[in-house]
Amino acid sequence: MRLFKKTGNTMHILCFPDEEVEKGEYLLIEDEKAHKSMIVQVIDIEFANVPGVMEEMLRSSSIEEFVEGEDDDPLDIMSHILYIQDARLLICKVHGTIVNGKLTSESSWLPSRTHSIIHKIPTESLVKLANIEGSLPIMIGETQDSFPLAIDAHQLDGRLSIVTGKKGTGKSHLSKILALGLADYGAIVVILDLNGEYTSLGYNQDGSKNRYYDKIKVLSPGKTFKVTLYQTNLYVIMRTLVYALGLPGTSAREFRHIWKFLEKTGRLTLHDLGEAIQNWKCNQHVKDALYSRYSALVNSGFFTDNMAEAISFEKMLRKTERNGGGIIIIDLSDTSPSDRQMVVEYALAKLQEALSQWKIRAVFLFAEEAHLYLKETYWDDIVTRMRHFGLFTTFITNQPNTIHENIYRQADNVFLLNFVNEHDLQIISRAARADAETITSIVRDLPSHHCLLLGKVVKDFPIIVKIRSLNVKTMGQTRFFFAEKREI
Amino acid sequence: MIGQLQYETTPKYSFPRSLKDAGISKRIVELSLNSMRTASGRIFDVNDEELASFFTERVDDKYQLSIKDGSFPASIVPLRAIHDETPIIGIDVSSIKIGVTDAGAIYAVRGAVVTKINNCYRYVRFGPLPFHITKENIHEVFSELSRDLSVRFHLPSYIDSQIYLCNIIEKRLRAYVSRLVRRSIILWDGSLTAGMQRNLINDLSKMLRTARENSNIVMGISKDTSLKFIGWRITDLLNGYKPPCLFEIRSPSLSHAGSLRVLGRIYVARLAKGGCAFRLDIDKAIPREESIVAVEKLIGNEMLYQGYPETLRLAHIYSTFTASDVIGIQRLLIRKYGLKLVAHNNMHRTLFGPYGTRLGD
């Protein structure tokens, strides 16, 4: 390999056919005279612009079909000509410099074209240099050079992360690995499970219980997840009514009065709430608005007056923390869109309440397709404000345009799976943790179940990983009409 | 012992293999290798500008002929295609300057022979072969190369080395083909003319004679001719005539035209409808009628692209060097002979920096 040119932080390296280099791999440009080495990542591979190749191909393609023959090439020059014609140009991005064995972010120097030696740097060396694994490793999978890559759980702590990729590329699978990894280190993980894909995390593929079984709680709203109004304080119910059920300001004010009245009289039940709204002296439109929301609360099945069937979400969180971490899965698969919003608002409000009162330390929230149950305006709140309370979110989506640009910019970690759609790639490239060229070029060619890790988890060295398998019972698979035929 | 039937192939149909097996390349390869050994470890200067100029096409009938007005009896011969599967053989050779060493220059030569036999095209490509030509070895290389041709080349000037090298290899290839094939039409790129030196005339005459002895007919086709008549290029004289047709130029002055000896009968030929007109030289020793029949066989048995024979077109394509060929050859030379590549020393840039350069420098 030979250094060809440098433009900005892009290096062009000439590579010959017998040198195997793949997109995503790291190269070390060693300049012994300067006593420095530059680390670059291959983000694209092109054919070198060898003069005359087009002419050669045009003329050979026009005659090869009907002319046979042989070459009497005693010096075997043709092999050299073909070697030249197959030369490739590696488009690389500069990622830092090694001086005296230490990694620095310096990239302002220029290695020598004539005496620099270029070779691949094994991921193992890179991981050691950049101290990527840390003290709380979560095994993600194998890199291109078969190195088992683990990320440091510390780098998910207090961070905003995004897992995105087109349908069927393994987003949920990766999220399960992250969630279980965090739970292993005692973290509380709450998963907003849109399709019921995580409900079997406590089971092996053969259906037997796995070591996580006792750490996993699955909550099904209206079934195993019901709450009383008494457990739900005014702040939580107001958020639910305003954000999830769209209660207007004036009506919200009246509701506050009703709630306080019931609270004072010790009659904070669904039944009494309904009666109070009916009998409350206020504008009829306000009364209608309040009653329609009340009906929604009742019909959701999420609220109950029966203390025996209600659970305390807050207690569950505290218990999980006491037991050394675990995963609470809120299964939203059988919940209607409006009820879904209500449940999520309730859960988030309770989380915020518990966190702000230091009842629990921190929660890792995994939100699948968050746009389906959270209003766009609310995301900023989660990302910016609630992270200070200790709510660290991981957004999981196959529609990158549903995540607000601000979130991409603030994301500390991005786990990118394959995308081919130009529009999607453009949106993803807004992630501030890597340059747009790297993202669009590498992600486009990622095979299924391969992920490009960006951000703090890889110390800003984008790394391609083949995600490891997980012995967990698979749920949420697409149901096929021709399933039997497929099995045959 | 189990007997095995031995089939003997007709010589003309196994021609391409015969060419390779005949060891045509052996001496040339040895000479190439010997000359290249003298380049070992030398400084090697690749001048792209110079290289570009060597990609230019040569003029096919490089010898200047003139037809005196009034001495130009000519006749139009309409042609009729004869389909009889006569084999057609096209020969072409290309050369290029690869670079300069501190002792001389390195050239590469490549030849191609394309045959059309039984309606199938086949090619044999010979080379590329690099030659390091220096003041010390120039005489040895050229006399060795021309030895089999029974021709004594006078020492070529250093500047003409590339042309000489190309011509000698082409002559050798032509000579081998004339000897190896039978009852074929052999197409040369260029005209059937020679300089007035006796050895050059003998050389060409001998090749034509060998071809005749093997019942072959040699035709020289010039893509670009300098022959003019009353200020018109002779290829323009066929405008208005229905192709395929021949226009024979019978000028007594052409037999000994200045310093040239014309060994062919000169025609202007338009061989296909919509095609171009070319100068066509046919061995003068072949009777006129037979020559015309040979052209009719060429039309009947060859594919004509823009009126130009496909075998010759393919031979040209296969022999010509592209820029990537040159880079490949340069790579071989550096790796195999340890040539030390240096950047071309541009005197203008050295002396005047950015102010002394011409447009494109």
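Look up a bit, the structure's there.
Here the structure is a predicted model, which is why all the values come from computation and not from measurement. (Residues numbered from 1 in each chain as written. Chains lettered and ligands numbered in written order. Predicted model: local features only at pLDDT ≥ 70, side-chain atom pairs only at ≥ 80, totals over all residues. Heavy atoms only, no water.)

Colleague: Tell me about helix α5 (residues 234-244) of chain A, and name the residues and values.
Modeller: Among the eleven residues of α5 of chain A, eight are classified as buried, and the element is accordingly described as predominantly covered. Phi for Gly246 of chain A, located one or two positions after α5 of chain A, is positive at around 60°. (Buried < 20%, exposed > 50% of the residue type's maximum accessible area, 1.4 Å probe, protein only. Helix = DSSP H or I, 4+ residues; strand = E, 2+ residues; numbered from the N terminus.)

Colleague: I'd like a description of the packing of α5 of chain A against helix α10 (residues 337-356) of chain A, backed by residues and values.
Modeller: The relative placement of two packed helices comes down to the angle between their axes together with the axis-to-axis distance. Residues and elements named next belong to chain A. Taken N-terminus to C-terminus, the directions of α5 and α10 make an angle of 145°; their axes are 9 Å apart at the nearest point. As α5 runs across α10, the sense of the crossing is right-handed. Residue-level contacts link Tyr235, Val236, Arg239, Thr240, Tyr243 and Ala244 of α5 to Gln341, Met342, Glu345, Tyr346, Ala349, Lys350, Gln352 and Glu353 of α10. For the contact of α5 with α10, the class distribution of residues is seven nonpolar, three polar and four charged. (Axes fitted to C-alpha atoms, helices over the stretch in contact; angles between N-to-C directions. Left-handed = near helix turned anticlockwise from the far one by under 90°. Contact = heavy atoms within 4.5 Å. Nonpolar A, V, L, I, M, F, W, Y, C, P; charged D, E, K, R; others polar.)

Colleague: Give me the lowdown on the interface of chain A and chain B, citing residues and values where you can.
Modeller: Each partner contributes residues to the interface: chain A has 25 residues there, and chain B has 34 residues. Of the roughly 2900 Å² buried between chain A and chain B on both sides combined, carbon and sulfur atoms contribute 59%. Taken together, the links from chain A to chain B amount to two salt bridges. Among the salt bridges present, the one from Glu68 of chain A reaches Arg122 of chain B, with a minimum N-O distance of 3.3 Å. Counting only elements with at least two residues in the side of chain A that touches chain B, the list comes to α1 (53-63), β5 (67-72) and α2 (77-85) of chain A. Ranked by residues supplied to the side of chain A that touches chain B, first place goes to α2 of chain A with seven residues. Within the side of chain A that touches chain B, the residues separate by chemical class into 13 nonpolar, four polar and eight charged. In this structure, β5 of chain A lies alongside strand β5 (residues 120-134) of chain B, joined through six bridges in parallel fashion. The residue bridging Asp71 of chain A from the neighbouring strand is Arg125 of chain B, located in β5 of chain B. (Buried area = accessible area lost by both parts, 1.4 Å probe. Salt bridge = Lys/Arg side-chain N within 4 Å of Asp/Glu carboxyl O. Pairing = 2+ DSSP bridges.)

Colleague: Which residues make up the sheet that holds strand β9 (residues 137-143) of chain A, and what are the values?
Modeller: Residue and element names in this part refer to chain A. The strand order across the open sheet built from eleven strands is β10-β9-β19-β18-β17-β11-β16-β15-β12-β14-β13, with neighbouring strands paired in mixed fashion. Unpaired on one side and paired on the other, β10 (148-152) and β13 (216-219) mark the two borders of the sheet. The sheet shows a mean angle of 25° between the axes of neighbouring strands, taken without regard to direction. Sheet topology places strand β17 (residues 413-416) next to strand β18 (residues 450-455); four bridges connect them, and they run antiparallel. The partner of Val414 across the bridge, within β18, is Leu454. In this fold helix α14 (residues 436-444) packs onto β17, β18 and β19 (463-467), with an angle of close to 165° to the strand it touches most, β18.

Colleague: Break down the side chain of Ser161 of chain A for me, citing the residues and quoting the values.
Modeller: Residues and elements named next belong to chain A. Along the chain, Ser161 turns up in strand β11 (residues 161-164). On the basis of relative accessible area, Ser161 is assigned to the buried category, the value being 1%. Side-chain polar atoms of Ser161 contact the side chain of Asn413, separated by 3.4 Å. The residues touching Ser161, leaving out its near neighbours within four places in the chain, are Leu156, Thr393, Thr394, Phe395, Asn413 and Phe415. (Polar contact = N/O pair within 3.5 Å; in protein donor to acceptor, adjacent residues only side chain to side chain.)

Colleague: How would you sum up the packing of aromatic side chains? Please name residues and give values.
Modeller: When we look at a pair of aromatic rings, we describe it by the centre distance and by the angle of the planes. All names here are of chain A. Under the definition given, this model contains 16 aromatic pairs over all chains. Look at Phe255 and Trp259: their rings are 6.0 Å apart centre to centre, the planes differ by 35°, and that puts the pair in the tilted class. Of the two residues, Phe255 and Trp259 are both situated in helix α6 (residues 249-265); the distance of four residues between them amounts to about one turn of the helix. Residue Phe255 is classed as buried on the basis of its relative accessible area of 2%. A relative accessible area of 0% places Trp259 in the buried class. (Phe/Tyr/Trp six-rings, centres within 6.5 Å; stacked < 30°, edge-to-face > 60°.)

Colleague: So what about the environment of Pro148 of chain A? Which residues, and what values?
Modeller: Among the structural elements, Pro148 of chain A can be located in strand β10. Taking relative accessible area as the criterion, Pro148 of chain A reaches 41% and is therefore assigned partly exposed.

Colleague: Tell me about the pattern of salt bridges, and name the residues and values.
Modeller: Within the structure shown, the criterion is met by 28 salt bridges over all chains. The partner of Lys223 of chain A in a salt bridge is Asp334 of chain A, with the nearest N and O atoms 3.6 Å apart. Placement of the pair is Lys223 of chain A in the loop between β13 and α5 and Asp334 of chain A in the loop between β14 (326-331) and α10, with a sequence separation of 111 residues. Notably, a salt bridge pairs Glu248 of chain B with Arg265 of chain B, separated by 3.8 Å at the nearest N-O pair. Here Glu248 of chain B is found in strand β11 (residues 245-249), whereas its partner Arg265 of chain B is found in strand β14 (residues 264-270), with 17 residues between them in sequence. Classification of Glu248 of chain B by relative accessible area gives buried; the value is 1%. One continuous salt-bridge network, built from bridges that share partners, spans Lys23, Asp44 and Asp445 of chain A.

Colleague: Go over the nonpolar core, please, and point to the residues and values.
Modeller: Generally speaking, a soluble globular protein has its nonpolar side chains buried in company with each other. Grouped together as the largest cluster of nonpolar side chains are 86 residues, with contacts concentrated most on Phe313, Leu317 and Ile330 of chain A. The dominant element in this core, judged by the number of residues it contributes, is α10 of chain A, at ten residues. With 58 residues, the next largest nonpolar core counts Phe44, Ala108, Val113 and Ile168 of chain B among its residues. (Core = buried A, V, L, I, M, F, W, Y, C linked by side-chain atoms within 4.5 Å.)

Colleague: Tell me what's going on with unusual backbone geometry, and back it up with residues and numbers.
Modeller: Comment: phi is negative for the bulk of residues other than glycine, and the bulk of peptide bonds are trans. Following Gly127 of chain B, the chain continues to Pro128 of chain B via a peptide bond in cis, the omega torsion being 5°. Structurally, Pro128 of chain B is set in strand β5. For His35 of chain A, which is not a glycine, the phi torsion comes out positive at approximately 55°. Secondary-structure assignment places His35 of chain A in the loop between β3 (26-31) and β4 (36-47). Here the phi dihedral of Lys459 of chain A falls at roughly 50°; this positive angle occurs in a residue that is not glycine.

Colleague: Describe empty space enclosed by the protein, and please don't skip the residues or the numbers.
Modeller: Residue and element names in this part refer to chain A. Taken as a whole and judged by the stated rule, the model has one cavity of 30 Å³ or more. In this structure, the largest cavity spans a volume of roughly 40 Å³. In terms of lining, the largest cavity is formed by Ala367, Glu369, Ala370, His371, Trp379, Phe395, Ile396, Thr397, Thr402 and Ile403. By residue number, the principal contributor to the lining of the largest cavity is strand β16 (residues 391-397), which donates three residues. Taken together, the residues of the lining of the largest cavity break down into six nonpolar, three polar and one charged. (1 Å grid on protein atoms, 1.4 Å probe; cavity = no way out; pocket = protein on both sides within 12 Å on 5 of 7 lines; lining within 4 Å. Points joined across faces, edges and corners; volume = space filled by probe spheres on them.)

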